[in-house]
Amino acid sequence: MGSTTTVTAPAVGRSPEERRREQRGWYFYDFAITVFSTSVLTVFLGPYLTEVAKAAADAHGYVHPLGVPVRAGSFFSYTVSAAVLLSVFVMPLAAAVADRTGRKKPVLALFAYLGAGATTGFFFLAGNRYLLGGALLIVAVVSYGASIVVYNSFLPQIAEPDERDTVSSRGWAAGYVAGAIVLVANLALFLNHGSFGVSQGMAVRICMASAGLWWAVFAVIPLRRLRDRSLAQAESGAALGQGWRQLVSTARELRHYPLTLAFLLAYLVYNDGVQTVISQASLYGSQQLGLSQTTLIAAVLLVQVLAVVGALLMGRLARRYGAKRTLLCSLVAWTATVTAGFFLPAGRPAWFFVLASAIGMVMGGSQALSRSLFSHLIPEGKEAEYFAVYQMSDRGTSWLGPLLFGLAFQLTGDYRYAIVSLVVFFAVGFVLLARVPVRRAVAAVGRSAPGLI
């Protein structure tokens, strides 16, 4: 079947109130999905799945998924690597269906509820069922990535160029507000599990499952508010079959936009470091620093609160100094923060809270500005297609960070070497991003640049 031309209605030309209504609805998908990243990936699942794997381990401390000997302490890291690698194969298919059928909302709904269902399924992760935990983690992470591709592709359609840094930052801020709300409830249940008549393990499982329910409930709002605008009419089956052909076509087309490709390369590198910090921080805190689950929850709660402030602050700084300059400053802050993490003393929660504060102030803003900056570098009408490549730049190498993290522990038995290795991602990413002339990159794809970028 021949290619389908996709025409997308731009944000410009609609009334401000129409745009604001969709933008407010769009924020709610960040509000829905961020709790999976915070409560599940960052706080509970790493330490809990590691303990489940240890319960299933042999006398030498190894589990054997698919007959492969894996140290129990590395199982979570390796599973995250497998999940994000599989995402690379699924995301272009989701993007192809979204762009070529013109029906983004059904694709968003499919992956949102598949991921929410898998996350809710963590309630049944008990005893030595580490394989169940690994399978649910893979389904949830793959669904998360595919839904984010479609969700991000709405940004150029609902916001004018000068609005995008602010809209993207508000979306991230909404997500961190949700993360803080859910973590407060999680902390109350975890600390007082005896009063609720449940064991500590059951409390953790309830907390993880609640993230899936939250995801499912609040995904309804963007699905009601956002509008499908594309005039494409390809059948879903045909679009799915063309997914990889479309990916190859997009990769070839990217050669005509070398500056967009240069940005993707920079993002690919520094975001690997960000994602690894998010997914492995609680494991580092519990296993290397000997911090309690209560301390970890409190630290991540602090990150969520400060990430709201940081995302909004960096959005303001981007309006004053430009998104690229602000993003470069955030990478300097990331480098300093991760370096400091190597020297944290074990059993000293106060220093871990200082580190968490630094992470919170840069985490949301760096991700929000990356998203909004990339939205300017996409040819019009190919939003999902290019955001699939963007997300693959995220997922395509963010398995390397967890893999390196797991290998470092496998070889040395010390997580400190894993954490300090992440410095290279931020340093190299800084150099690559600094070399990208973003205003020329915007002009090259035929879009209008904001006054300051």
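Since the structure is predicted, the reported quantities are computational estimates derived from the model, not experimental observations.

A. Inspection of the overall build of the chain at higher detail. A tally of regular secondary structure across the chain gives 19 helices and two strands. Computed over its C-alpha atoms, the radius of gyration of the chain comes to 21 Å, within 12% of the 22 Å expected for a compact globule of 453 residues. Once the C-alpha set of the chain is aligned to its principal axes, its extents read approximately 60 × 45 × 40 Å. Within the chain, buried positions represent 59% of all 453 residues. Carbon and sulfur atoms make up 65% of the accessible area of the chain, which amounts to about 16,900 Å² in all. For the chain, the distance from the average site of its 36 positive side-chain charges to the average site of its 20 negative ones is 3 Å.

B. Looking closely at helix α2 (residues 75-101). Helix length check: α2 (27 residues) gives 39 Å between terminal C-alpha atoms against 39 Å at 1.5 Å per residue, within 8%. Taken across its 27 residues, α2 has 20 buried, putting it largely inside the fold. Gly102 sits one or two positions beyond α2 and adopts a positive phi of about 75°.

C. Quick look at the packing of helix α12 (residues 293-321) against helix α13 (residues 323-342). With their axes 7 Å apart at the nearest point, α12 and α13 run at an angle of 130° to one another. One finds that α12 runs oblique with respect to α13. For the pair formed by α12 and α13, the contact residues are Met314, Leu317, Ala318 and Tyr321 on the first element and Ala323, Arg325, Thr326 and Ser330 on the second. Looking at side-chain class alone, the contact of α12 with α13 contains five nonpolar, two polar and one charged residues.

D. Inspection of α12 at higher detail. With 29 residues, α12 extends 40 Å between its outermost C-alpha atoms, agreeing within 8% with the 42 Å of an ideal straight helix rising 1.5 Å per residue. The largest bend in α12 comes to about 25°, at Leu306. A positive backbone phi angle near 100° is found at Gly322, which sits one or two residues after α12.

E. Structural detail: the environment of Ser375. By the element assignment, Ser375 lies in helix α14 (residues 349-375). Using a relative accessible area of 0% as the deciding quantity, one classes Ser375 as buried. C-alpha separation for the pair Ser375 and Gln157, spaced 218 residues apart in sequence, amounts to 9.9 Å. Excluding residues that lie within four positions of it along the chain, Ser375 makes contacts with Leu155, Pro156, Arg164, Phe387 and Arg447.

F. Looking closely at the pattern of salt bridges. The tally for this structure, following the rule as stated, stands at six salt bridges. Measuring nitrogen to oxygen at the nearest pair gives 3.4 Å for the salt bridge that ties Glu160 to Arg19. Here Glu160, found in the loop between α5 (155-158) and α6 (164-191), pairs with Arg19, found in helix α1 (residues 16-56); they are 141 residues apart in sequence, far enough to count as distant. The buried category is assigned to Arg19, whose relative accessible area is 7%. Across the pair Asp30 and Arg371 runs a salt bridge whose closest N-O atoms are separated by 3.2 Å. Of this pair, Asp30 sits in helix α1 while Arg371 sits in helix α14, and the two are 341 residues apart along the sequence. Judged by relative accessible area, which is 3%, Asp30 ranks as buried. A cluster of three or more residues bridged by salt bridges with shared partners is formed by Glu17, Arg20 and Arg24.

Cut-offs and rules
Residues numbered from 1 in each chain as written. Predicted model: local features only at pLDDT ≥ 70, side-chain atom pairs only at ≥ 80, totals over all residues. Heavy atoms only, no water. Helix = DSSP H or I, 4+ residues; strand = E, 2+ residues; numbered from the N terminus. Rg over C-alpha atoms; globule rule 2.2 N^0.38 Å. Buried < 20%, exposed > 50% of the residue type's maximum accessible area, 1.4 Å probe, protein only. Areas by Shrake-Rupley, 256 points an atom, 1.4 Å probe, with all protein chains shown as cover. Lys, Arg positive; Asp, Glu negative; His and termini not counted. Charge placed at Lys NZ, Arg CZ, Asp CG, Glu CD. Expected span 1.5 Å × (residues − 1). Axes fitted to C-alpha atoms, helices over the stretch in contact; angles between N-to-C directions. Parallel < 35°, antiparallel > 145°, perpendicular 65-115°, else oblique. Contact = heavy atoms within 4.5 Å. Nonpolar A, V, L, I, M, F, W, Y, C, P; charged D, E, K, R; others polar. Bend = angle between axes of the 7 residues up to and from the residue. Salt bridge = Lys/Arg side-chain N within 4 Å of Asp/Glu carboxyl O.

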